[in-house]
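So the chains spell out like this:
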Amino acid sequence: MRPLSSYIGEDLILIQPSFLKREYEFQSSSGLLAKMCFPKFFSTTAVVEGFGEKYEIIRPSFWKSEIAIKKFGYDLSFATLTTNFFRTKGSIDLQSGKKLNLKFGAFKRICEVFSESEEILIVIQNRFSFKDKNIVTIQKSSTIVDENPWIIMMLWYFLIESKKNGAGAS
């Protein structure tokens, strides 16, 4: 599989192919990169297949706004996404001790991922359509993004959950 840094300048698409199914795809112009689905109808756990691995995105606690990711079938999470109270800023804490900073635009129309040195790495923009469709742009080459390509799917999960939870989460 190509590293995500090789897609600099290309528009990658996050899309929900079927309006009725809770399945989502991450696509490039050359084909499917990853797929995320919710195994049960009311489930908050998502399964991500892609990037040569299979992952589970979970909410460890109902009362916290934290999201975690773990390898499928394992119990220990290796990264967490946390946000502030108004969900305008956040961070992804990786197991290696590294941290990515997040900024969300008004009504979650744009999501920006910054490195620890405040260099913009990834931009996710929401395009209005009846199907969920977002455009992902890789802005800068980074080893963190290449080693952890699931970051995009974790952010997509957060945006889906925020939209589902309504105006209070916007």
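Above this text sits the structure in question.
A brief report on the enclosed structure follows. Per chain, residues are indexed from 1 in the order of the written sequence. Totals for whole chains, interfaces and linings use every residue, but because this is a predicted model, local features are given only for residues with pLDDT of at least 70 and side-chain atom pairs only at 80 or more, for both listing and counting. Side-chain metrics in this entry use all non-hydrogen atoms of the structure; hydrogen atoms and water are not considered.

### Thoughts on the environment of glycine 105
Here is step 1: Examined against the element boundaries, glycine 105 turns out to sit in the loop between strand 9 (99-104) and strand 10 (110-114).
Here is step 2: In this scheme, a residue with accessible area under 20% of its type's maximum is buried, one over 50% is exposed, and one in between is partly exposed, where area comes from a 1.4 Å probe on protein chains only. Since its relative accessible area comes to 22%, glycine 105 is described here as partly exposed. By the criteria applied, helices consist of DSSP H or I runs no shorter than four residues and strands consist of E runs no shorter than two, each listed in order from the N terminus.

### Some points on the nonpolar core
Here is step 1: Judged by nonpolar contacts, the single largest core of 45 residues is most densely connected at Phe26, Met36, Ile122, Val136, Trp150 and Leu155.
Here is step 2: Looking at this core element by element, the count peaks at ten residues for helix 2 (residues 151-164).
Here is step 3: Here, two residues are considered to be in contact whenever any of their heavy atoms come within 4.5 Å of each other. Excluding anything up to four places from it in sequence, tryptophan 150 contacts Phe51, Tyr55, Ile69, Phe78, Ala79 and Leu94. For this analysis, a nonpolar core means a set of buried residues of the types Ala, Val, Leu, Ile, Met, Phe, Trp, Tyr and Cys, connected via side-chain atoms within 4.5 Å.

### With respect to the packing of aromatic side chains
Here is step 1: Pairing of aromatic side chains requires ring centres within 6.5 Å, counting the rings of Phe and Tyr and the six-membered ring of Trp. Pairs whose planes differ by under 30 degrees are stacked, by over 60 edge-to-face, and all others tilted. In the structure shown here, the tally under the stated rule is ten aromatic pairs.
Here is step 2: Summarising the aromatic geometry, the rings of phenylalanine 26 and phenylalanine 51 are spaced 6.4 Å apart at their centres and angled 55° between planes, so their arrangement reads as tilted. One end of the pair, phenylalanine 26, is in strand 2 (residues 23-28); the other, phenylalanine 51, is in the loop between strand 4 (46-50) and strand 5 (53-58), and 25 residues separate them in sequence. In terms of burial, phenylalanine 26 and phenylalanine 51 fall into one category: buried.
Here is step 3: Taken together through their ring pairs, the aromatic side chains of Tyr24, Phe38, Trp156 and Tyr157 make up a single cluster.
Here is step 4: A ring is scored as having a charge over it whenever the NZ atom of a lysine or the CZ atom of an arginine sits within 6 Å of its centre and within 35 degrees of its normal. Positioned above the aromatic ring of phenylalanine 38, the side-chain terminus of arginine 22 is 3.9 Å from the ring centre.

### Details of the sheet that holds strand 11 (residues 120-127)
Here is step 1: The pairing criterion for strands is at least two bridges between them, as found by DSSP. Strand order in the closed barrel formed by twelve strands is 1-2-3-4-5-6-7-8-9-10-11-12, and the pairing between neighbours is antiparallel. On average, adjacent strands in this sheet sit at an angle of 20° to one another, irrespective of strand direction.
Here is step 2: By the bridge criterion, five bridges tie strand 7 (residues 79-83) to strand 8 (residues 89-94) in an arrangement that is antiparallel. The residue of strand 8 that forms the bridge with threonine 82 is serine 91. Fitted lines through C-alpha atoms serve as axes, helices being fitted only where they are in contact, and the angles separating the N-to-C directions of these axes extend from 0 to 180 degrees.

### A word on helix 2
Three- or four-residue spacings in an α-helix give side chains the same orientation, since the helix completes a turn every 3.6 residues.
Here is step 1: Taking 1.5 Å of rise per residue, the 14 residues of helix 2 would be expected to cover 20 Å, and the 20 Å separating its terminal C-alpha atoms lies within 8% of that figure.
Here is step 2: Of all 14 residues making up helix 2, twelve are buried, and the element is well covered by its neighbours.
Here is step 3: Inspection of helix 2 places Ile151, Ile152, Met153, Met154, Leu155, Trp156, Tyr157, Phe158, Leu159, Ile160, Glu161 and Ser162 among the buried residues, and these make up the whole buried set. Helix span, as expected, comes to 1.5 Å for every residue beyond the first.

### A word on the environment of asparagine 126
Here is step 1: Structurally, asparagine 126 can be placed in strand 11.
Here is step 2: Distance in space between the C-alpha atoms of asparagine 126 and valine 136 is 9.0 Å, their sequence separation being ten residues.
Here is step 3: Contacts of asparagine 126, omitting those with residues within four sequence positions, involve Lys108, Arg109, Lys133, Asn134 and Lys163.

### Some remarks on empty space enclosed by the protein
Here is step 1: Here a cavity is any set of points on a 1 Å grid over the protein atoms alone where a 1.4 Å probe fits but cannot get out, and a pocket is any open set with protein on both sides within 12 Å along at least 5 of 7 lines; a residue lines the site when it has an atom within 4 Å of a point. Grid points are joined across faces, edges and corners, and a volume is the space filled by probe spheres set on the points. With the rule as written, the count across this model stands at one cavity of 30 Å³ or more.
Here is step 2: Its volume calculated, the largest cavity comes out at about 40 Å³.
Here is step 3: Taken together, Arg59, Ser65, Ile67, Arg87, Phe158, Glu161 and Asn165 make up the full set of residues lining the largest cavity.
Here is step 4: Grouping the constituent residues of the lining of the largest cavity by class yields two nonpolar, two polar and three charged. Each residue is assigned to one class: nonpolar for Ala, Val, Leu, Ile, Met, Phe, Trp, Tyr, Cys and Pro, charged for Asp, Glu, Lys and Arg, and polar for all the others, Gly among them.

### Structural notes on the pairing of strand 6 (residues 67-71)
Here is step 1: With four of five residues buried, strand 6 is to be regarded as a mostly interior element.
Here is step 2: Across four bridges, the pairing between strand 5 and strand 6 is antiparallel. Paired with tyrosine 55 across the bridge in strand 6 is lysine 71.
Here is step 3: Strand direction decides the pairing type here: strand 6 and strand 7, joined by three bridges, are antiparallel. Bridging across to strand 7, alanine 68 finds its partner in threonine 80.

### Re the pattern of salt bridges
Here is step 1: One speaks of a salt bridge when a side-chain nitrogen belonging to Lys or Arg is within 4 Å of a carboxyl oxygen belonging to Asp or Glu. Counted by the stated rule, this structure contains five salt bridges.
Here is step 2: With its nearest N and O atoms 4.0 Å apart, the salt bridge here joins arginine 22 to glutamate 161. Separated by 139 residues along the polypeptide, arginine 22 in the loop between strand 1 (11-15) and strand 2 and glutamate 161 in helix 2 bring together distant segments of the chain.
Here is step 3: The exposure class assigned to arginine 22 is buried, which follows from its relative accessible area of 18%.

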